[in-house]
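One-letter residues, chain by chain:
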Amino acid sequence: MKTWKLFIFDMRFQWKQRFYVVYLFVCSVYVGILHAIPDSRLGKVLVLLTFSDPSALGLLLAGGIVLLERGQGIWNCLFATPVKLWEYLLAKCLSLSLLSLAAAFAIHLPVSGWPVSPLYFTLGIVLTSFFFTLIGIAAALGSHSINGFLIRSQAYALVFVLPVLGYLNVFDTPLYMLFPSQGSLLLLSGSVHLLSHEDGGYAIAVLVVWIGIVGSLAMRLLSVTVRNTDGGRRHEQI
């Protein structure tokens with residue numbers, strides 16, 4: 001099965017579960033709240049809100065979808081086909097990043113207009129969503145219940161949000177440069193000011209490296225889970 005078909009399947013599944021309707025309401029609430037924020041603080045609040053949105057969406061929704069698919073027996077049919085694991089993961093990342101991107105622009109356009117650095121802002125949304133989607137999937141694959149997933153996913157994500165402390169001037173350290181979320185905050189700040197190519201290049205690089213690391217982990221966990229699900233009968237295609 002091609003990645004495109006999996007992507008369409010995911011989009012239909014998300015639409016059926018009313019994710020888009022829920023996010024339309026959430027975005028409306030965000031816009032109302034942001035209009036009440038003073039202009040002097042709006043930029044930082046907007047960046048933090050944009051960071052938390054694809055982070056939470058990718059982390060919680062991706063894991064929830066994986067648990068739901070596995071619980072409903074969708075995997076029994078899906079992985080009986082010659083679908084590759086990387087196609088499954090890529091389709092999940094693409095579909096949820098599209099939802100994140102739509103939500104981000106739905107919030108930004110009525111509040112602050114077009115981003116100052118639209119390319120970096122868009123890449124920030126997409127790459128941040130990819131990273132946290134893979135974290136959410138990895139957490140779900142290691143969990144057997146919703147409660148277990150919630151605990152595991154928050155434990156995974158807690159370390160990666162530490163650069164927010166530096167962004168808020170609470171506690172800063174050069175070590176934040178090693179975190180993917182530092183790259184996310186830099187790229188997303190392109191919504192309110194111009195970003196240099198040096199900062200943009202660093203931010204993209206650190207996110208891509210971490211996406212590769214977490215993607216490899218998710219691939220291994222998915223391979224083991226699928227083999228356990230079908231009793232080892234399927235020869236897994238990586």
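Remember, it's a predicted structure, so these values are computed and weren't measured experimentally.

Cut-off values and rules
In this convention, every chain numbers its residues from 1, walking through the sequence in written order. Given that the model is predicted, a residue must reach a pLDDT of at least 70 before its local features are reported, and side-chain atom pairs must reach 80 or more before they are shown or counted; all residues, however, enter totals for whole chains, interfaces and linings. Heavy atoms from the whole structure form the basis of all side-chain values; hydrogens and water molecules are not counted. Strands here mean DSSP runs of E at least two residues long; helices mean DSSP runs of H or I at least four residues long; both are numbered from the N terminus. Each residue carries a pLDDT score, the predictor's own confidence in it, on a scale running from 0 to 100. Only heavy atoms enter the contact rule, under which two residues are in contact if any of them lie within 4.5 Å. Here is the rule: rings of Phe, Tyr and Trp (six-membered ring for Trp) pair when centre to centre is within 6.5 Å. Planes less than 30 degrees apart are stacked, more than 60 are edge-to-face, and the remainder are tilted. Per-residue accessibility, obtained with a 1.4 Å probe over protein chains only, is compared with the maximum for each type, and a residue is labelled buried under 20%, exposed over 50%, and partly exposed between these values. The criterion is that NZ of a Lys, or CZ of an Arg, lies within 6 Å of the ring centre and within 35 degrees of the ring normal, and then a charge sits over that ring. We define the nonpolar core as a collection of buried residues of types Ala, Val, Leu, Ile, Met, Phe, Trp, Tyr and Cys that are connected through side-chain atoms lying within 4.5 Å of one another.

Participant: Any details on unusual backbone geometry? Residues and values, ideally.
Facilitator: Its identity is not glycine, yet N169 carries a phi of approximately 60°, on the positive side. Relative to the elements of secondary structure, N169 occurs in the loop between α8 (163-167) and α9 (180-188).

Participant: Tell me about the confidence of the model for the chain, and please be specific about residues and values.
Facilitator: Do not read the fine detail of predicted coordinates wherever pLDDT is low. Per-residue pLDDT for the chain averages 85, and the proportion of residues at 70 or more is 95%. The spread of mean pLDDT over the elements of the chain runs between helix α4 (residues 74-78), the lowest at 78, and α9, the highest at 93. Low pLDDT (under 50) marks residues 231-238, which in the prediction has 20 contacts with non-local residues, meaning those over four places away or in another chain.

Participant: Before we move on, can you summarise the packing of aromatic side chains with the specific residues and values?
Facilitator: The geometry of an aromatic ring pair is captured by two quantities: the separation of the ring centres and the angle between the planes. This structure, assessed with the given rule, holds eleven aromatic pairs. Where W15 meets Y20, the ring centres are 6.0 Å apart and the plane angle is 45°; that geometry is what we call tilted. Relative to F160, the ring of F131 lies with its centre 5.0 Å away and its plane at 80°, an arrangement referred to as edge-to-face. On the criterion of sequence distance, the pair formed by F131 in helix α6 (residues 118-141) and F160 in helix α7 (residues 146-160) is long-range, its members being 29 residues apart. Neither F131 nor F160 differs from the other in exposure class; each is buried. Put simply, the rings of F51, F131, F132, F160 and W210 pair up and form one aromatic cluster. Note that K44 overlies the ring of Y167, its terminal NZ or CZ placed 5.1 Å from the centroid.

Participant: Lay out the nonpolar core with the relevant residues and their values.
Facilitator: With 69 residues, the main nonpolar core has W75, F79, Y88, L89 and L222 as its most contacted residues. For Y88, the residues in contact, after removing those within four places along its chain, are L6, V66, E69, W75, L78, F79 and L222.

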